[in-house]
Amino acid sequence: MSSTLTIFSRSRKWTAMSIALLATLGLAACGQTQKSKADEQPPANPYGHIHAITVEESTQRVLLATHNGLFDATETVPRPIGPPIDLMGFTISSNGTFYASGHPGPGVELPNPLGLLKSTDGGESWTPLSRQGESDFHAMTATSDQLVGFDGILRSTVDGKEWSDIGPMSPSPYALAGSPDNTVVLATTEEGVWRSIDGGRTWSAPAGGPQLLTAAFADQMTAVGISPEGSVYLSDDAGLSWQRTDAEVDQTSAIGATSEADGRLSIWMAMERGLVKFAYDGITLTEETR
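For every chain, the first residue of its written sequence is number 1, and the numbers climb from 1 along that sequence. Where totals are concerned, whole chains, interfaces and linings use all residues; where local detail is concerned, this predicted model gives features only for residues with pLDDT of at least 70, and gives and counts side-chain atom pairs only at 80 or more. Just so you know, side-chain values use all the structure's heavy atoms and leave hydrogens and water out.

Draft legend 1. Here's a closer look at the overall build of the chain. Helix and strand definitions here come from DSSP, where helices need a minimum of 4 consecutive H or I residues and strands a minimum of 2 consecutive E residues; each element is numbered from the N-terminal end. When helices and strands are counted, the chain shows one helix and 24 strands. Counting only residues that meet the buried cut, the chain has 53% of its 290 residues in that class. In this description, contact between two residues means that some pair of their heavy atoms is separated by no more than 4.5 Å. Taking the intrachain contacts of the chain between residues at least 6 apart in sequence as the baseline, contacts between residues at least 24 apart amount to 41%. Relative accessibility thresholds used throughout: buried, under 20% of the residue-type maximum; exposed, over 50%; partly exposed, between the two (1.4 Å probe, protein chains only).

Right, dumping it as structure tokens:
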């Protein structure tokens, strides 16, 4: 089943308060008893907060980096993966390696903050790589040649061990978006969308583009972004220019997207009411019942 997206009217003021609110979007914790398999329903909120959404290229699994760990949300009932680590930052490289940052959860004997972690078994286990006890990367993305992370300073690494500070002429992002298939990185900021074409080494300041809170690549050239007031924007040139669609959504703290074989976009958004999936056919954004 599906339903056509309802249009909402909202204030269009960008404020630090709105950023703080969206950064902590989530639902109350769930402690309900599980029902029988026959009438099993999705848990009200197994995640705590959803910090990042990534569609794994090789499997098309929808992976959620959350306060309560990594989840596979491809099916209606989400499946936890690995230890209960508070995954503030999460990304997947072109060879399928998982990278994450954040804080250790209950029973996890790792430094706090975690620095950069690596997983080569799909998130079942994690290996510390660098900056343990130093960095909590709240924003992180992978390009074809390196990782970019923001822990108060924008940094990059090729091998996951040695980091380079990108320098003063770089953004302070709310979110980072990159594609493991090219070297373009987008940074959403209060000033607008910053853009790098060399894996985050150098940046171009916003030039009249939209103010977005979060963004994601659906493929090498197609990016989707959500503004503070919920307007949905699309780019078909890897973030160089943006077009505002007619659709508006609830406040969104994280987004993931992929291009389908029929030309549609599948878009997952983390909202106060939970994880919501949409389909976009180039004209209409439609909410899909999960």
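Having seen the model, we can carry on.
Draft legend 2. Examining the sheet that holds strand S18 (residues 223-226) more closely. Pairs of strands are assigned from DSSP output, requiring at least two bridges between the strands. If you walk across this open sheet you meet the four strands as S17-S18-S19-S20, and the pairing is antiparallel. At either margin of the open sheet sits one strand with a lone partner, and together these are strand S17 (214-217) and strand S20 (243-248). The mean inter-strand angle of the sheet, taken between neighbouring strand axes irrespective of direction, is 25°. Note that S17 and S18 share four bridges and pair antiparallel. Bridging from a neighbouring strand, Ala216 pairs with Val224 of S18. Axis angles are defined between N-to-C directions and span 0 to 180 degrees, where every axis is a line fitted to C-alpha atoms and, for a helix, only to the segment in contact.

Draft legend 3. Spatial organisation of the confidence of the model for the chain. On a range of 0 to 100, pLDDT expresses the predictor's confidence in each residue. Scored by pLDDT, the chain comes out at a mean of 86, with 84% of its residues at no less than 70. Confidence over residues 1-40 falls short of pLDDT 50; this stretch has 73 contacts with residues more than four positions distant or in other chains.

Draft legend 4. Examining the sheet that holds strand S6 (residues 86-92) more closely. In space, the four strands of this open sheet follow the order S6-S7-S8-S9, with antiparallel pairing throughout. Where the open sheet ends on each side, the last strands, each with one partner, are S6 and strand S9 (127-130). For this sheet, the mean inter-axis angle between neighbouring strands, taken without regard to orientation, is 35°.

Draft legend 5. Local environment of unusual backbone geometry. Residues Asn112 and Pro113 are joined by a peptide bond in cis, for which omega reads 0°. On the secondary structure map, Pro113 appears in the loop between strand S7 (98-103) and strand S8 (116-119). Of note in this structure, Arg131 is not a glycine but carries a positive phi near 55°. The backbone phi angle of Ala238 is positive, close to 60°, even though this residue is not glycine.

Draft legend 6. Up close: the pairing of strand S3 (residues 62-66). The element S3 is extensively covered by neighbouring structure, given that five of its five residues are classed as buried. Where burial is concerned, the two faces of S3 agree: the one with Val62, Leu64 and Thr66 and the one with Leu63 and Ala65 are both buried. With five bridges joining them, strand S2 (residues 50-55) and S3 adopt antiparallel strand pairing. Bridging across to S3, Ile53 finds its partner in Leu64. With four bridges joining them, S3 and strand S4 (residues 69-72) adopt antiparallel strand pairing. Residue Leu64 lies in a different strand from S4, and its bridge partner there is Phe71. If you look at the hairpin formed by S3 and S4, you'll find two residues sitting between the two strands.

Draft legend 7. Up close: the nonpolar core. In plain words, nonpolar cores are sets of buried Ala, Val, Leu, Ile, Met, Phe, Trp, Tyr and Cys residues tied together by side-chain atoms within 4.5 Å. Ranked by internal contacts, the top residues of the largest apolar core, which has 18 residues, are Val224, Val249, Ile267, Met269, Phe278 and Leu285. Counting residues per element, this core draws most heavily on strand S22 (residues 265-271), which supplies four residues. Within the second largest apolar cluster, 15 residues are counted, among which are Ala52, Ala65, Ile81 and Ala100.

Draft legend 8. Just the pattern of salt bridges, in detail. Only one rule defines a salt bridge in this text: a Lys or Arg side-chain nitrogen within 4 Å of an Asp or Glu carboxyl oxygen. Applying the stated criterion across every chain yields a total of 13 salt bridges. Measuring nitrogen to oxygen at the nearest pair gives 3.5 Å for the salt bridge that ties Glu288 to Lys277. Residue Glu288 is located in strand S24 (residues 285-288), and its partner Lys277 is located in strand S23 (residues 274-280); the two are separated by 11 residues in the primary sequence. What emerges from the salt-bridge pattern is a single network uniting Arg131, Glu134, Asp151, Arg155 and Asp165.

Draft legend 9. Here's a closer look at the environment of Val62. Along the chain, the position of Val62 falls in strand S3. Considering only alpha carbons, one finds Val62 and Trp268, 206 residues apart in sequence, at a separation of 8.5 Å.

Draft legend 10. Molecular detail of the side chain of Thr222. Structurally, Thr222 is set in the loop between S17 and S18. With residues up to four places along the chain from it excluded, the contact list for Thr222 reads Ala216, Phe217, Ser235 and Leu265.

Draft legend 11. View of the packing of aromatic side chains. Paired rings are identified among Phe, Tyr and Trp, the last through its six-membered ring, by centres lying within 6.5 Å, and are further divided according to the angle between planes into stacked (under 30 degrees), edge-to-face (over 60) and tilted (the rest). With the rule as written, the count across this model stands at three aromatic pairs. On the numbers, 5.1 Å between centres and 85° between planes, the contact of Tyr47 with Phe71 is edge-to-face. Placement of the pair is Tyr47 in the loop between helix H1 (16-23) and S2 and Phe71 in strand S4, with a sequence separation of 24 residues. Judged by its relative accessible area of 5%, Phe71 falls in the buried class. Between Phe90 and Phe98, the aromatic rings sit 5.4 Å apart at their centres with planes inclined by 80°, giving edge-to-face as the arrangement. Phe98 shares its class with Phe90; the two are buried.

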